[in-house]
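Examination of the molecular architecture
Chain by chain, the residues:
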Amino acid sequence: MTTTLGRSRTNEPLPTAPLPSAVELGRRAYRQRQTGRSVLISVVSTLVFAALIWLFVVNTPGWDAVRQSFFDPAVAVKAWPRVFQGLVLNIQVLIFAALGVLVFSLILATLRTLRGPVFFPLRALATGYTDLFRGVPLLIVLYLVGFGLPGLDIFPRFPAAVWGTIALILTYSAYVAEVWRAGIEAVHPSQVLAARSLGLSHGQALRKVVLPQALRKVTPALMNDFVAMQKDVGLISVLGAVDAVRAAQIESAASFNFTPYVLAGLLFVLLALPMIRLTDWVTARMRRREQIGTLV
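The structure displayed is predicted, hence computed values, not measured ones.

Description of the nonpolar core
Counting residues in each nonpolar core, the largest one holds 48 residues, and the members touching the most others are Val83, Leu168, Ile184, Met229 and Val233. Secondary structure elements with two or more residues in this core: helix H3 (73-112), helix H4 (120-135), helix H5 (138-151), helix H6 (160-186), helix H8 (202-232), helix H9 (244-255) and helix H10 (259-290). Apart from residues no more than four positions distant in its own chain, Met229 is found in contact with Leu94, Ala97, Ala98, Val101 and Tyr172. Among the nonpolar cores identified, the runner-up in size contains 5 residues, and Met223, Val227, Val282 and Met286 belong to it.

Observations regarding a positive patch on the surface
Together, Arg216, Lys217, Arg285, Arg287, Arg288 and Arg289 give the surface a local cluster of positive charge. Taken together, the elements giving at least two residues each to the positive patch come down to H8 and H10. With 4 residues, the single largest contributor to the positive patch is H10. Mapping Arg289 onto the fold places it in helix H10.

Topic: the confidence of the model for the chain
A residue-level look at the chain finds 92% of positions with pLDDT of 70 or above and a mean pLDDT of 86. Highest mean pLDDT in the chain belongs to H3 (93); lowest belongs to helix H7 (residues 189-197) (83). This stretch, residues 1-6, has a pLDDT under 50; its non-local contacts, to residues over four places away or in other chains, come to 9 contacts.

Brief notes about the pattern of salt bridges
One pass over the full model with this rule turns up 7 salt bridges. As a salt-bridge pair, Arg181 and Glu178 come within 2.8 Å of each other at their nearest N and O atoms. With a gap of 3 residues between them, Arg181 and Glu178 both fall in helix H6, about one helical turn apart. Summarising the burial analysis for this pair, Arg181 and Glu178 share the class buried. For the salt bridge of Arg181 with Glu185, the shortest nitrogen-to-oxygen distance reads 3.4 Å. In this pair, Arg181 and Glu185 are both assigned in helix H6, 4 residues apart and thus about one turn of the helix distant. Overall, the relative accessible area of 44% leaves Glu185 in the partly exposed class. The network of salt bridges with shared partners includes Arg112, Glu178, Arg181 and Glu185.

About the criteria used
Residues numbered from 1 in each chain as written. Predicted model: local features only at pLDDT ≥ 70, side-chain atom pairs only at ≥ 80, totals over all residues. Heavy atoms only, no water. Core = buried A, V, L, I, M, F, W, Y, C linked by side-chain atoms within 4.5 Å. Buried < 20%, exposed > 50% of the residue type's maximum accessible area, 1.4 Å probe, protein only. Helix = DSSP H or I, 4+ residues; strand = E, 2+ residues; numbered from the N terminus. Contact = heavy atoms within 4.5 Å. Patch = residues over 30% accessible without salt bridge, like charges linked within 9 Å, V, L, I, M, F, W, Y side chains within 5 Å. Areas by Shrake-Rupley, 256 points an atom, 1.4 Å probe, with all protein chains shown as cover. Salt bridge = Lys/Arg side-chain N within 4 Å of Asp/Glu carboxyl O. Lys, Arg positive; Asp, Glu negative; His and termini not counted. Charge placed at Lys NZ, Arg CZ, Asp CG, Glu CD. pLDDT = per-residue confidence, 0-100.

Shown next, in the form of structure tokens:
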């Protein structure tokens, strides 16, 4: 007894999916026409709006002076090597800071979710930490860490970028810890009870049952925090690190022109765009999964 295309093992024809009716085909064609029409209108309206804004800007009285001071191609080309080299330092700081924040924030969130009176000192310490570093501006933390800790003379000499990375980890861990905690507490308690009934310890239940579900719930929020940190890595320039912002400042002082700042800003935008688009895609995908393909 053999199996052939379109037939079962008993030589009976396999059931085929029903063809869509003429009414359904008409609905699909109508939706396709409406989608194409909406896209066309969106493109035309965007182009018209952009053209109007451009005409308004270029016809302002001070446009020539602004163009020479902020959008000089020759200055941008000259400043490119140093600014790009500074951006590489920003990317290095971003990678190490993101890894540090991921680990430290998870530890803080775990401490805040511990139950029982014996763990009260740890919960209080984690709560005080998150309250403190969510309230202090990042710029002040950079000054305290970058200039205060080396002044104690108990640490070896580190580059300014290292102190900037530590300050970013201290500040962003407080924000991300609250995101983790929200995801952990969003998991229904029955999940933990079911895991414990199967013989898992509290730590195993947290690691194998709670955290995977919490991660799926808070992934968009974590990605948004990462996008925000991509911009804030430029603040390490206040410690003297020659990153993209500091390189732009040096080139601007040498040429008496602000174009290097615009160049650095564009590079930061290009750095953040992939993560921004990925965040939007992940958010939309999770929404479709939760709503089973429908929008409320």
